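# Observations on chain architecture
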Amino acid sequence: MAKIRVGDAEETVVTRGEWPLERAMKALGNETIAVLGYGVQGPGQALNLRDNGFRVIVGQRGGSPSWDRAIEDGWTEGETLFEIEEAARQGTILQYLLSDAGQISRWEEVRAQLTPGKCLGFSHGFGVTYREQTGIIPPEDVDVVLVAPKGSGLSLRRLFVKGKGVNSSYAIFQDATGRARERVISLGIGVGSAFLFETDFQREVWSDLTGERGVLMGAIAGIFEAQFAVLRKNGHSPSEAFNETVEELTQSLMPLVAENGMDWMYRNCSTTAQRGALDWRHRFRDAVTPLFDELYESVRTGEEARIVIEANGRPDYRERLDAELQDMADQEIWRAGKRLRELRP
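Below, the structure is looked at part by part. Everything numeric here is computed off the predicted structure, so don't read it as measured data.

The element strand S8 (residues 143-149) is largely enclosed, with a buried count of seven among its seven residues. Neither face of S8 is exposed, since Asp143, Val145, Val147 and Pro149 on one face and Val144, Leu146 and Ala148 on the opposite face are all buried. The sheet contact formed by strand S7 (residues 119-122) and S8 spans four bridges and is parallel. If you follow cysteine 119 over to S8, its bridge partner there is aspartate 143. Pairing geometry for S8 and strand S9 (residues 168-174), over six bridges, is antiparallel. Looking at the pairing, valine 145 lines up with isoleucine 172 of S9.

Spelled out as structure tokens, the structure:
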């Protein structure tokens, strides 16, 4: 593991160069990795591990759409595809990738299969960090680790197929066997991480919940809607408003940021754009910083966890979620986007 300077701090990172796939396979050569849950992260991680040569099985509720998807992806019922409890029984490393609500509801049956020496893996620190609310308290005689790809399971898989990878964080909550570190790093390499940086369960979930509610999803959606509405209110067409709000950002500017950074993207825009952006970025930063402080405090105190657990526990949660997502889809900005995407060559 290497110490590198990242910004103003020194961090520990693991690259494929120092921990190649061959080393990971040797470390986990006698393990059976049971990927429990085939929803968001499960397919990408399970398929990447399988393609990399690891012994992988999938645990999923029979008869569900995700079960059918697993069969379509080449998992075989009774051989590599099982009900969750049976997969947990067979696995020596249990990648617990159900939704946070699913992890809570299935915990007791999974916990019963955590015999001494097994490894319980997560891709999100929610269940363990907020264990007083979730009830997910691992037994003391198993390793408890985390590999959190910094991207959706879909992105993880797409990049893997292209020979690339997303970066991931890793953490160790409990090292009962003395092998937790080699297990978690090997698992991180196996799922297709480009490199791994060290964190802990609490920091992972605090940063993750802040990011999802902030820049990654909540804030960006709110900013999109606000700018689109202002442009439409002032007589701009839906096409013009959408292109200046969403299309140019996602298709042109963000790829430049991903390639070489925000400053490089600025250098490759017009001087008019540069001047305005440099001036207004300070005003936007100052305007939203108090909101981010409020958000982080809500995450830190567990209030956001309480809201999630309470909402996911309602019997009509799925219907409410579908209604909220449909409301988003029905907004003019996203109806316009759907039509304009159809015109892309």
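For the rest of this paragraph, the subject is the pattern of salt bridges. Considering all chains together, one arrives at 22 salt bridges under this definition. A salt bridge links arginine 314 to glutamate 310, with the nearest nitrogen and oxygen atoms 3.8 Å apart. One salt-bridge network, held together by shared partners, links Glu31, Asp143, Arg179, Glu182 and Arg183.

Looking now at the sheet that holds strand S6 (residues 93-96). The mixed open sheet is built from ten strands, whose spatial order is S1-S2-S10-S9-S8-S7-S6-S3-S4-S5. Single-partner strands in this sheet number two, and they are strand S1 (2-6) and strand S5 (81-82). Pairing of S1 with strand S2 (residues 9-15) involves five bridges; the strand directions are antiparallel. When the bridges of S2 are listed, lysine 3 appears paired with threonine 12.

The geometry of helix H11 (residues 218-233) relative to helix H12 (residues 238-260) is characterised by a closest axis approach of 9 Å and an angle of 150 degrees between their N-to-C directions. With respect to H12, the axis of H11 lies roughly antiparallel. The chirality of how H11 crosses H12 is right-handed. Mapping the contact onto sequence places Ile220, Phe224, Gln227, Phe228, Leu231 and Arg232 in H11 and Pro238, Ala241, Phe242, Glu244, Thr245, Val246 and Leu249 in H12. In terms of residue class, the contact of H11 with H12 is made up of nine nonpolar, two polar and two charged.

Cut-offs and rules
Residues numbered from 1 in each chain as written. Predicted model: local features only at pLDDT ≥ 70, side-chain atom pairs only at ≥ 80, totals over all residues. Heavy atoms only, no water. Buried < 20%, exposed > 50% of the residue type's maximum accessible area, 1.4 Å probe, protein only. Helix = DSSP H or I, 4+ residues; strand = E, 2+ residues; numbered from the N terminus. Pairing = 2+ DSSP bridges. Salt bridge = Lys/Arg side-chain N within 4 Å of Asp/Glu carboxyl O. Axes fitted to C-alpha atoms, helices over the stretch in contact; angles between N-to-C directions. Parallel < 35°, antiparallel > 145°, perpendicular 65-115°, else oblique. Left-handed = near helix turned anticlockwise from the far one by under 90°. Contact = heavy atoms within 4.5 Å. Nonpolar A, V, L, I, M, F, W, Y, C, P; charged D, E, K, R; others polar.

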